[in-house]
Amino acid sequence: NMGTSTGIALPVYAPYSPPTPGLNGKLHPNDATAIAARAAAVAALIDIKARSTCETALGGVVELGGKTLSPGLYTATSTMQLIAGDLTLDAGSDPNAVFIFRMPTTFSTAADRKVIL
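Each value, and the rule that gives it
Residues numbered from 1 in each chain as written. Predicted model: local features only at pLDDT ≥ 70, side-chain atom pairs only at ≥ 80, totals over all residues. Heavy atoms only, no water. Helix = DSSP H or I, 4+ residues; strand = E, 2+ residues; numbered from the N terminus. Buried < 20%, exposed > 50% of the residue type's maximum accessible area, 1.4 Å probe, protein only. Contact = heavy atoms within 4.5 Å. Areas by Shrake-Rupley, 256 points an atom, 1.4 Å probe, with all protein chains shown as cover. Pairing = 2+ DSSP bridges. Phe/Tyr/Trp six-rings, centres within 6.5 Å; stacked < 30°, edge-to-face > 60°.

Notes on the overall build of the chain
Phase 1: Secondary structure summary: the chain contains 1 helix and 11 strands in total.
Phase 2: Along the chain direction, N to C, the helices and strands of the chain fall in the order β-β-α-β-β-β-β-β-β-β-β-β.
Phase 3: Burial analysis of the chain (117 residues in total) assigns 21% to the buried set.
Phase 4: Considering only residue pairs separated by 6 or more positions, the chain has 49% of its internal contacts joining residues 24 or more positions apart.
Phase 5: Summed over its atoms, the accessible surface of the chain is roughly 7700 Å², and 59% of this surface lies on carbon and sulfur atoms.

Structure follows, in structure tokens:
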């Protein structure tokens, strides 16, 4: 799906346009779905900023495989990857536990790796 909630037009992707190669989903040009998605994204960013006081900085290229992490905000200055093993997220029996992974580039994973909660 693709949309905008800022009033920016999507002329190439307008619902009445011919199908666009590579676009598989619905268009939401400034409709209720796009506006709700933007509100959710803003709420998530506010939540992340509030958690930055308990941030765990992991450094440059970070391999998460083989690690067990507790709830929190984890940041990297480069990529994060899940190549060398599975990642376990230990919520400590908290059904409201939150895990946030923030990186400026990509998150890569091997095809056979798992994130276990």
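More follows now that the structure is in view.
Things to note about the sheet that holds strand E7 (residues 80–82)
Phase 1: With parallel pairing, 3 strands are arranged side by side in an open sheet as E4-E7-E10. Of all the strands in the sheet, just strand E4 (62–63) and strand E10 (107–109) have a single pairing partner and so form its edges.
Phase 2: In this structure, E7 lies alongside E10, joined through 3 bridges in parallel fashion. By the bridge assignment, leucine 82 is partnered in E10 with threonine 109.

Examining the packing of aromatic side chains
Phase 1: Following the criterion strictly, the structure yields 1 aromatic pair and no others.
Phase 2: With a centroid separation of 5.6 Å and an interplanar angle of 20°, the aromatic rings of tyrosine 74 and phenylalanine 101 are classed as stacked. Taken together, the positions of tyrosine 74 in strand E6 (residues 72–75) and phenylalanine 101 in strand E9 (residues 99–102) put the pair 27 residues apart, joining distant regions of the chain.

Looking at the side chain of threonine 79
Phase 1: Mapping threonine 79 onto the fold places it in the loop between E6 and E7.
Phase 2: Filtering out sequence-adjacent residues up to four positions away, threonine 79 remains in contact with Gly60, Val61, Val62, Thr105 and Thr106.

What to know about the sheet that holds strand E11 (residues 115–116)
Phase 1: Sheet architecture is open: 3 strands sit in the order E5-E8-E11, paired in parallel fashion. With partners counted over all chains shown, the strands left at the sheet margins are strand E5 (68–69) and E11, one partner each.
Phase 2: Across 2 bridges, E5 lies against strand E8 (residues 87–89) in parallel orientation. Looking across to E8, one finds that leucine 69 is bridged to leucine 89.

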